[in-house]
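# An overview of the molecular structure
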Amino acid sequence: METRAAKKRRLLMEQENKHNEKIKDRLSDLPDDVLHHILSFLPIKTAARTSTLSKRWRKLWDSCPILDFSKACRLTGLRFGKKPATVGEVYDRHSKVVNGISKVLSGRHENSNIEVFEYAGYMSPSWLLDWVPCLVKHRVEKLVLDVWLVHSLDLPCSLFECNSLRSLTVEATRSEHCLLINNPDTRFWLPSSCARATSGLRSLSLTGVDFAGNVLFSDPSSFPSLEKLTVDHCRRISRLKICCANLKCIEVCSMDIKSLDISGMKLEKLTVKLCFNGCGKGSSVKILAPNLQTFCWNDNDFAQKCLIQSFPKLMEGEISSCVLLANVSKVKAQSAANLLSSLSQVGSLCLSYRILEILSKIYLEFGGLPYSFMNLKTLQIYTDLRKADIPGIACIFRSSHAVRNLTITITAGCDIHSPPAGWENQAQSLSSFLCHLKVVNIVVWTNTIHESVINVVRFLLQHGRGLQKFVISSWHSKVHDQLATLFPRASTHLEGSWSYTNFINT
């Protein structure tokens, strides 16, 4: 028979067991993959501290597949107390972080692969040479290096011998943006021999990196698995040739180049932005991409020679220019006409600002574009409706016989003029364009309406016989009041309804 004291002990033990059951560490019972996923959302320092919890957590940290050290060191604005950090203090701070990273890499479990490794901060050649063998050993898949250059660096070719590497992003920031002594001659060099060393790399992004522009990507057998390439702010490159066989997406940005040669049978998207600044004699653009679907030519000058084959599968195109009309010679105007003609099969096209002035020059000197946009269904135009823009707008309208959706965004200009007498005189020559037009969107970014805007709206309403919808969007209700008066007199044939959108209220 159970004594009273024994019964009391039993009840106390049962109560303690229930309490322990409630506070049981259920998190540690989760599988390693789930815990690794949770650790990936934590700041790297917080994730590292979990290694002190138990042997299990130590093992989890030593095999963590996501190592993001991109926020471990801030690149700018370092302060100690009330004073800005000195060069020595910055170096010491980064050295401590780098030593910690080296310990993390050297202490990893033998069979633990690294899915993602990211680092942002000061970089010395010895540190990079110390890390790369560990990254290769642990089969890194995605590598992101945002390095602060003070010394010149060469990216080791051994990194490209890593068959597991799928994505590489390298961004080199020179010391003029940082606290250290400015040394513009520093470079982060990507050797040409790496093009054949790698077999699995699919995405490559290079910013501020130096390489041989006419060699690295010029052989179709280079980077055999590469599908996406970004080249941005890379220096000392006057001629860039890209012919990698499997590329699907290319972005070339902020490059002071004289010659651009791109070819790819699998290329689907091409963006060229802020290139050919003030290019002159000998400048050229050559593009061969029969399967291209998206083409963006943003804020570039035009080369003297433009050899671009038509893109028969092009769905979207965007063209803008940074060059002043006064600097557009007849040769460059012809080059611009050739580039626009290569977009003759496009389905949706966006034209911005100075390209309209160049189109005006093309219209006045050559009589218009040599080819029509036969498949163009959606046209978007950004304009100040300056006098110099009007012939260009008329030129693109004449060459677009199948447009159904038209959007004109009218921005504030310092010198807006009325269009030449004449939108009414254009009605017959634009009849093919006007008869197919179904939807018009007029977006007005000004507080007042100039006569040029009223004339365009009136012209489209009176002669767009197939119009079904007309939308006016503006910041100011005054714009609505002025344009609304046009509809009762001019839109008797409008099947749908028109609407006014006030951006402030929406």
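Residues numbered from 1 in each chain as written. Predicted model: local features only at pLDDT ≥ 70, side-chain atom pairs only at ≥ 80, totals over all residues. Heavy atoms only, no water.

What follows covers the overall build of the protein. Scanning the protein for helices and strands turns up 14 helices and 24 strands. Within the protein, contacts between residues at least 6 apart in sequence are counted, and of these 69% link residues at least 24 apart. For the protein, the accessible surface area stands at approximately 24600 Å², while carbon and sulfur atoms represent 52% of it. (Helix = DSSP H or I, 4+ residues; strand = E, 2+ residues; numbered from the N terminus. Contact = heavy atoms within 4.5 Å. Areas by Shrake-Rupley, 256 points an atom, 1.4 Å probe, with all protein chains shown as cover.)

Quick look at the pairing of strand β17 (residues 305–308) now. Of the two faces of β17, only the one carrying Cys306 and Ile308 is buried; Lys305 and Leu307 on the other face are not. Sheet topology note: the strand β15 (residues 284–288)/β17 ladder contains four bridges and is parallel. Bridge pairing links Val285 to Cys306 in β17. (Buried < 20%, exposed > 50% of the residue type's maximum accessible area, 1.4 Å probe, protein only. Pairing = 2+ DSSP bridges.)

It is worth spelling out the sheet that holds strand β13 (residues 259–263) at this point. Taken in spatial order, the four strands line up as β11-β13-β15-β17 in an open sheet, and their pairing is parallel. If you trace the sheet from one side to the other, it starts and ends with β11 (239–242) and β17, each paired once. Strand-to-strand twist of the sheet, defined as the mean angle between neighbouring strand axes without regard to direction, takes the value 0°. (Axes fitted to C-alpha atoms, helices over the stretch in contact; angles between N-to-C directions.)

With 140 residues, the main nonpolar core has Phe117, Phe223, Phe295, Phe397 and Leu460 as its most contacted residues. By residue number, the principal contributor to this core is helix α12 (residues 451–463), which donates seven residues. The contacts of Leu460, once residues within four sequence positions are left out, are Leu406, Ile408, Leu434, Leu437, Val440, Ile442, Leu467 and Phe470. (Core = buried A, V, L, I, M, F, W, Y, C linked by side-chain atoms within 4.5 Å.)

Of note, Asn300 is situated in strand β16 (residues 294–300). Residue classification places Asn300 among the buried positions, given a relative accessible area of 0%. A polar side-chain atom of Asn300 sits 2.9 Å from the main-chain amide nitrogen of Leu274. Look past the residues within four positions of Asn300 in its chain and what remains in contact with it is Val272, Lys273, Leu274, Cys275, Ser320, Ser321 and Cys322. (Polar contact = N/O pair within 3.5 Å; in protein donor to acceptor, adjacent residues only side chain to side chain.)

Attention now goes to unusual backbone geometry. In the Ramachandran plot, His233 falls in the positive-phi region, its phi being about 55° despite a non-glycine side chain. Structurally, the position occupied by His233 is in the loop between β10 (228–232) and β11. In the Ramachandran plot, Ser254 falls in the positive-phi region, its phi being about 50° despite a non-glycine side chain. Tracing the chain through its elements places Ser254 in the loop between β12 (249–253) and β13.

Moving on, we come to a nonpolar patch on the surface. On the surface, Leu27, Val34 and Ile38 cluster together into a nonpolar patch covering about 210 Å² of accessible area. Looking at where Val34 falls in the secondary structure, it is placed in helix α2 (residues 32–39). Its relative accessible area of 37% is what places Val34 among the partly exposed residues. (Patch = residues over 30% accessible without salt bridge, like charges linked within 9 Å, V, L, I, M, F, W, Y side chains within 5 Å. Salt bridge = Lys/Arg side-chain N within 4 Å of Asp/Glu carboxyl O.)

Summed over the entire model, instances satisfying the criterion amount to 12 aromatic pairs. Residues Phe69 and Phe117 carry aromatic rings whose centres are separated by 5.8 Å and whose planes lie at 50° to one another, so their mutual orientation is tilted. Here Phe69, found in strand β1 (residues 66–69), pairs with Phe117, found in strand β4 (residues 116–122); they are 48 residues apart in sequence, far enough to count as distant. Of the two residues examined, Phe69 and Phe117, each falls in the buried class. (Phe/Tyr/Trp six-rings, centres within 6.5 Å; stacked < 30°, edge-to-face > 60°.)

Here we take up helix α9 (residues 354–366). In this model α9 runs 18 Å from its N-terminal to its C-terminal C-alpha over 13 residues, within 8% of the 18 Å that 1.5 Å per residue would give. Listed as buried for α9 are Ile355, Leu356, Glu357, Ile358, Leu359, Ser360, Lys361 and Ile362. The secondary structure elements touched by the buried residues of α9 are β18 (316–321), α8 (330–341), β19 (348–352), β20 (378–383) and α10 (390–398). Immediately downstream of α9, the backbone of Gly367 shows phi near 85°, a positive value. (Expected span 1.5 Å × (residues − 1).)

To continue, consider the confidence of the model for the protein. Averaged over all residues, the pLDDT of the protein is 82; the fraction at 70 or higher stands at 80%. Mean pLDDT values for the elements of the protein range from 46 in strand β2 (residues 79–80) up to 97 in β12. Scored below 50 in pLDDT, residues 175–182 shows 20 contacts in the model against residues more than four places distant or in partner chains. Within the model, the stretch residues 414–421 combines pLDDT values under 50 with 18 contacts to residues more than four positions away or in other chains. (pLDDT = per-residue confidence, 0-100.)

The next point concerns the packing of α2 against helix α4 (residues 55–62). At a minimum axis distance of 10 Å, the contact between α2 and α4 shows a crossing angle of 70°. For the element pair α2 / α4, the angle class is roughly perpendicular. At the point where α2 passes α4, the crossing takes the right-handed sense. In this structure, α2 uses Asp32, Leu35, His36 and Leu39 to contact α4, whose residues at the interface are Arg56, Trp57 and Leu60. Tallied by class, residues from the contact of α2 with α4 come to four nonpolar, one polar and two charged. (Parallel < 35°, antiparallel > 145°, perpendicular 65-115°, else oblique. Left-handed = near helix turned anticlockwise from the far one by under 90°. Nonpolar A, V, L, I, M, F, W, Y, C, P; charged D, E, K, R; others polar.)

Quick look at helix α6 (residues 125–137) now. Taking 1.5 Å per residue as the helical rise, α6 with its 13 residues ought to reach 18 Å, and the 19 Å between its terminal C-alpha atoms agrees with that figure. With its phi angle positive at about 50°, Arg139 sits one or two positions after the end of α6.

A word on the packing of α8 against α9. For the pair α8 and α9, interaxial distance at closest approach is 10 Å and the crossing angle is 105°. By the criterion of interaxial angle, the relationship of α8 to α9 is roughly perpendicular. Listed contacts from α9 to Lys330, Ala333, Gln334, Ala336, Ala337 and Leu340 of α8 are Ile358, Leu359, Lys361, Ile362, Glu365 and Phe366.

What follows is about a positive patch on the surface. On the surface, a cluster of positive charge is made up of Lys45, Arg49, Arg93 and Lys96. At the level of elements, α3 (44–49) and α5 (87–106) are the ones that each hand at least two residues to the positive patch. On the basis of relative accessibility, which here comes to 65%, the residue Lys96 falls in the exposed class. (Lys, Arg positive; Asp, Glu negative; His and termini not counted. Charge placed at Lys NZ, Arg CZ, Asp CG, Glu CD.)

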